[in-house]
Amino acid sequence: MSIKLNNFNNDTRKVVDKLGNFSVIEYEKDSSVSIQSAQAEYFMSKMNVRRRQVMVQLNGNNSVLLQSGAMQWMAGDVVATTGVKGVGDFLGKLVKSTVTKESAIKPEYKGNGLVVLEPTYKYIILQDVASWGAGMTIEDGLFLACDSTVNHKVVARTNVSSALMGGEGLFNLSLQGNGIVALESNVPFDELIEVELDNDTLKIDGNLAVCWSSSLNFTVERTTKSLTGSAVSGEGLVNVFRGTGKVLMCPVAPTYSLYASTNSVAAKAAATDSNTMGY
């Protein structure tokens, strides 16, 4: 590859994680701000709320699948396809997207060069799918990108009625095979708790699991055997993982409004700048 990037990995941007052909770029200092947004950006950086980007290197023998709309720019002899292999394949992908909240079409990029994804304020978690054995199942909306060698499969929860009662989705996306996957997490990897189960049970009150081994039996159940007992205990339904495998879990419920507020700050600043003459 003859591409050379200058001034990309510097004092303001650096590679903070790398796995396979995937690299995570983090903006240590974001100077692309206006007077209106500078203060918010300053305090955000102090709390490690920073922009991050995924960069994938293609060497001619590999390709990558992205969440729809995730690509920002690409360089080199790189071409994009829909990744759809016919009408039947499209209908299957459409069904998967409906039940897992992921995009129906995940563009596939192949060739020789670089693909850089749109920046995000969320944390990027890189995982080797093969290290999860039978595969890894992820929470809805976390998928960002993966090697095209990774297989996608929709898995259903075993007790449909309790999932509906708990307000949980009925299906999740399971990734299997060999390759790297990039997930968008509301919590940094260093704060995630890894729970290893050996023919045992884990019960979680709330949507705290980020991903888990596909070998685990995942259900939604009442905390006690009776509705009366659940009412008396003050607890309701919990997510239950049984079997042998591992679960990556958030320590606290993510604050989803944080990312909406950061985008709102940027949008308001841009609107203000467009109505002023300079600074």
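In the block above lies the structure referred to throughout.
Let me sum up the structure you'll find in this document. (Residues numbered from 1 in each chain as written. Predicted model: local features only at pLDDT ≥ 70, side-chain atom pairs only at ≥ 80, totals over all residues. Heavy atoms only, no water.)

Assigned secondary structure in the protein chain consists of five helices and 15 strands. Scored against the burial criterion, the 279 residues of the protein chain give a buried share of 43%. Residue pairs in contact within the protein chain that sit at least 24 positions apart in sequence constitute 80% of those at least 6 positions apart. (Helix = DSSP H or I, 4+ residues; strand = E, 2+ residues; numbered from the N terminus. Buried < 20%, exposed > 50% of the residue type's maximum accessible area, 1.4 Å probe, protein only. Contact = heavy atoms within 4.5 Å.)

Attention now moves to the side chain of R52. Residue placement: R52 occurs in strand 3 (residues 52–66). In terms of polar contacts, R52 uses its side chain to reach the side chain of E26, at 2.9 Å. One polar contact links the side chain of R52 to the main-chain carbonyl oxygen of N48, over a distance of 2.8 Å. Residues contacting R52, with those up to four places away along its chain left out, are I25, E26, Y27, E118, P119, T120, Y121, K122, Y123 and I124. (Polar contact = N/O pair within 3.5 Å; in protein donor to acceptor, adjacent residues only side chain to side chain.)

What follows is about the packing of aromatic side chains. According to the stated counting rule, one finds five aromatic pairs in the structure shown. With a centroid separation of 6.2 Å and 90° between ring planes, the pair formed by F8 and W73 is classed as edge-to-face. Of this pair, F8 sits in the segment before strand 1 (13–19) while W73 sits in strand 4 (residues 71–81), and the two are 65 residues apart along the sequence. What makes F8 buried here is its relative accessible area of 13%. Site record: aromatic cluster; members linked through ring pairs are W212, F218 and F241. Directly above the aromatic system of Y27 lies the positively charged group of R51, at a separation of 4.5 Å from the ring centroid. A cation over a ring is seen here: K246 above W132, with NZ or CZ 4.4 Å from the ring centre. (Phe/Tyr/Trp six-rings, centres within 6.5 Å; stacked < 30°, edge-to-face > 60°. Lys NZ or Arg CZ within 6 Å of the ring centre and 35° of its normal.)

Moving on, we get to the environment of A209. Turning to its location among the elements, A209 is positioned in strand 13 (residues 209–213). The spatial distance from the C-alpha of A209 to the C-alpha of E139 is 7.1 Å, given a sequence separation of 70 residues.

This part takes up helix 1 (residues 35–46). Those residues of helix 1 lying buried are S37, E41, M44 and S45. All buried residues of helix 1 project into a common sector of 90° when viewed along the axis, lining one side. For helix 1, the exposed residues lying more than 90 degrees away from the buried face are I35, Q39 and K46. N48 sits one or two positions beyond helix 1 and adopts a positive phi of about 65°. (Arc of directions from axis to C-beta.)

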